[in-house]
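Residues per chain are reported as follows:
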Amino acid sequence: MRLRFTPVMAVLGFLFLYGPIASLVIYSFNESKLVTVWGGWSLKWYGELFANQQIMDAAWLSLRIAAISASVAVVLGTMMAMVLVRFRRVRGKSLMTGMVTAPLVMPDVIIGLSLLLLFVAMQGLIGWPGGRGFSTILIAHITFGMAFVAVVVQSRLSDMDDAVEEAALDLGASPARVFFDITLPMITPALIAGWLLAFTLSLDDLVIASFVSGPGASTLPMVIFSKVRLGVSPDINALASLIVLVVSIGIITAALLMRKKP
Amino acid sequence: MGETILAAEARPWREATQKPFVRIRGISKLFGDLAAVDDVSLDIYQGELFCLLGGSGCGKSTLLRMLAGFETPSKGHIEIDGQEMTGIAANLRPTNMMFQSYALFPHMSVEKNVAYGLLREGVPKTEAMARTADMLSLVKLEGFARRRPQQLSGGQQQRVALARSLIKQPKLLLLDEPLGALDKKLREETQFELIRIQEDLGVTFIVVTHDQEEAMTLSTRIGVMDRGRIVQVGEPRQIYEAPDTKFVADFIGSVNIFDGEVDAAAPDMMRVNTPEGAILCPPLPGLKAHQKVHVAVRPERIQLSRGPIKAANTLQGIVDEVAYMGNLSVYRVRLEGGRCLKVTAANGLHEENPITWDEAVHIGWSAAASTVLTK
């Protein structure tokens, strides 16, 4: 007898994947003060969350870092992808092709530690960055965000027919014009997908940020982690649900954009 | 007298006084150590439809891309309409190109694709749109202006690509396998369409193709390329009937080649000894006795019969294979020595008892039908 993929299996699969998240979301609407005891529906913890200045500050910091690092990563990552795909003879190109994916597979602990050592050494040598905080987290997030963007844009660019750009050049457009008229519109979905990916990864990062952050610059995941160590309070559920919402929107949009054919 | 003037106009390459429109001088392109194009010199005249013909990797596309300015020659010069092209970027050249993949802009409508060149040139929008509409009607695509390229069939996309490359009224249009992606039936129709448009607009066309039939149908002249070099340039008839080398004879159409050596040469006849026997050929000046040569005989020049044939060259054999093609049949005749020859014969209407498999046959051809090749 052949094995069949039944609806039951699908349900089990989804339950395994999304059950924990679903329970988190449901418990975020819990009335009770105890995290594990159901006390009826309520939006109380959401209200409490927004009243918590520490969490709000951390969230604002995280969003700023995520938005800025994603934007810079898109510019740098696209430049990198252009070099890797479009320029035929670049010295050290194969090394760069291999290395661009390194931040994707390197453990966060190692990236965090190495960046921390770099920042400390730089501060000793050139006096910059003066202390760790917002700017060091930003740099760290740009570094790995760029790698993700480069990979996403690279695959889009290599799917693209070079002749399309040549055709525009042939019709009298300058190389800069070709980039803005032809290349950019054609890779826009990949740019948006890359941006969203970099944004969500930055928002999500705890390990690297913990290494390169300094006093007074705690990102949202850092605040959550430190709060949870003292015991889970229901407002964390509310916060986590909101993050799930934001991240899902980002990921789904990115996936939809990547699926759209050039 | 009127006729001679016409001939000179239609065939400028036969007149020494005519000035070539495109002058290619000693062009080479090296990729690493490999010469993709090797010391090519070529003159192409105003209003010509010139085909660069060759197998894949023979350098024909690289030559075309150097004319367009996408590749920089390693050596040599290109002059178009008296203007030296060295150092002139692709976007500033008086040429336009039609790409094999069509390379249409997927995020623009058909209309915007076609108008792109004009808008980049700074032509006012209303004028550009009017000229685009004219061009679309020339390629019979009225009513498709607002469509996206992906919504069109392959043949329609091909016509959009053609319209786009013609809109700037280039002096020289370069076409890279313009019909390569079309199916056979559509290709044949489009060939004549292409000739019509070329004649209407009077643009000089350089077409790259690997399809010898296409080259024959389209071109005023053909340049046959092999391993980066031009091996022969000539009118289709000349290339077919008087190939310079074994390669050209073999590449253009189908041919039977005999390897042999010159036996004796009289002023009006020459004999070449081959493993299949002596072959009588028209004499070629400058050949010595025992010189190694090839003799090429086209399959349609060979007669086929059950009875003996009166011809300068005759052989006997057995029909090994028959391929019925409709208008003609292709026979593979196995000679006594084991060698097979290709022979084609026209099919008559309701032919009774046609020659078929395993029949013993006589074949023969005139001395004039044998072409002697030294290379």
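Would you explain the overall build of chain A in this entry?
Of regular secondary structure, chain A possesses 12 helices and 0 strands. Each helix and strand of chain A, ordered N terminal to C terminal, gives the series α-α-α-α-α-α-α-α-α-α-α-α. Each principal axis of the C-alpha distribution contributes one length, and for chain A these read about 70 × 65 × 40 Å. For chain A, the residues scored as buried account for 36% of the 262 residues in total.

Got a minute to help me understand the overall build of chain B in this structure?
Helix and strand counts for chain B come out as 9 helices and 20 strands. Across its three principal axes, chain B shows a C-alpha extent of roughly 75 × 55 × 50 Å. For chain B, the proportion of its 375 residues judged to be buried stands at 38%. Of the contacts made within chain B by residues no fewer than 6 positions apart, 63% connect residues no fewer than 24 positions apart.

What should I look at first to understand the sheet that holds strand β1 (residues 22-31) of chain B in this one?
Strands belonging to one sheet form pairs held by backbone hydrogen bonds; the direction of such a pair is parallel or antiparallel. All names here are of chain B. The 4 strands lie next to each other as β2-β1-β4-β5, forming an open sheet whose pairing is antiparallel. Both edges of this open sheet fall to β2 (34-44) and β5 (83-84), since each of them pairs with a single strand only. Inspection of the sheet shows β1 paired to strand β4 (residues 75-80) by 5 bridges, in the antiparallel sense. Bridge pairing links R23 to E79 in β4. Along the sheet face, helix α2 (residues 60-68) touches β1, β2 and β4 and points at about 65° away from the line of β2.

Could you clarify how one ought to interpret the interface of chain A and chain B in this entry?
Across the boundary between the two partners, chain A contributes 16 residues, which contact 17 residues of chain B. Elements with a contribution of two residues or more to the side of chain A that touches chain B: α8 (162-170) and α9 (175-204) of chain A. Residue contributions to the side of chain A that touches chain B peak at 7 residues, all from α8 of chain A. A per-class count over the side of chain A that touches chain B returns 11 nonpolar, 2 polar and 3 charged.

Help me understand the packing of helix α2 (residues 44-51) of chain A against helix α12 (residues 234-259) of chain A in this model?
Helix-helix packing is characterised by the crossing angle of the two axes and by the distance between the axes. Residue and element names in this part refer to chain A. The interhelical angle for the contact between α2 and α12, taken along N-to-C directions, is 85°, at an axis separation of 8 Å. In this view, α2 runs roughly perpendicular relative to α12, as classed from their interaxial angle. Residues W45, Y46, E48 and L49 of α2 form the contact with α12, whose own contacting residues are P234, D235, N237, A238 and L239. A class-by-class count of the residues in the contact of α2 with α12 yields 6 nonpolar, 1 polar and 2 charged.

Just to check I follow, could you spell out α8 of chain A for this structure?
For α8 of chain A, a buried count of 7 out of 9 residues is recorded, marking the element as mostly surrounded by other parts of the structure. Among the residues of α8 of chain A, V164, E165, E166, A167, A168, L169 and D170 of chain A are the ones counted as buried. Summarising the contacts, the buried residues of α8 of chain A are in contact with α9 of chain A together with α2, β6 (95-98) and α3 (110-121) of chain B. Residue G172 of chain A follows α8 of chain A closely and has a positive phi angle near 105°.

Sorry, what's going on with the environment of L239 of chain A here?
Residues and elements named next belong to chain A. With respect to the helices, strands and loops of the structure, L239 is situated in helix α12. By C-beta crowding, L239 is classed as buried, having 24 other C-beta atoms within 10 Å. For L239 and L220, which are 19 residues apart along the polypeptide, the C-alpha to C-alpha distance reads 9.6 Å. Filtering out sequence-adjacent residues up to four positions away, L239 remains in contact with L49, I55 and I224.

I tried to follow the domain arrangement of chain B on my own but got confused; where do I start?
Many authors give the size of an interface as the accessible area that is lost as the parts come together. On domain assignment, one finds that chain B holds domain 1 (20-249) and domain 2 (254-365). The C-alpha-based centres of domain 1 of chain B and domain 2 of chain B are spaced at 39 Å.

How do you make sense of the sheet that holds strand β18 (residues 340-346) of chain B when you look at a structure like this?
All names here are of chain B. An order of β15-β19-β16-β17-β18 is seen for the 5 strands of this open sheet, with the pairing classed as antiparallel. Of all strands in the sheet, those bounded by a partner on one side alone are β15 (303-305) and β18. On average, adjacent strands in this sheet sit at an angle of 45° to one another, irrespective of strand direction. Two elements, strand β17 (residues 328-335) and β18, share 7 bridges in a ladder whose sense is antiparallel. Paired with V333 across the bridge in β18 is L341.

How do you make sense of the pairing of strand β14 (residues 292-297) of chain B when you look at a structure like this?
A regular strand places its side chains on the two faces of the sheet in alternate fashion. All names here are of chain B. In terms of burial, β14 is a largely internal element, 5 of the 6 residues being buried. Two elements, β14 and strand β20 (residues 370-373), share 4 bridges in a ladder whose sense is antiparallel. Paired with V295 across the strands is V372, a residue of β20.

How each quantity is defined
- Residues numbered from 1 in each chain as written.
- Chains lettered and ligands numbered in written order.
- Predicted model: local features only at pLDDT ≥ 70, side-chain atom pairs only at ≥ 80, totals over all residues.
- Helix = DSSP H or I, 4+ residues; strand = E, 2+ residues; numbered from the N terminus.
- Buried ≥ 20, exposed ≤ 12 C-beta atoms within 10 Å, placed from the backbone.
- Contact = placed C-beta atoms within 7 Å.
- Pairing = 2+ DSSP bridges.
- Axes fitted to C-alpha atoms, helices over the stretch in contact; angles between N-to-C directions.
- Nonpolar A, V, L, I, M, F, W, Y, C, P; charged D, E, K, R; others polar.
- Parallel < 35°, antiparallel > 145°, perpendicular 65-115°, else oblique.
- Domains from an automatic or database assignment.

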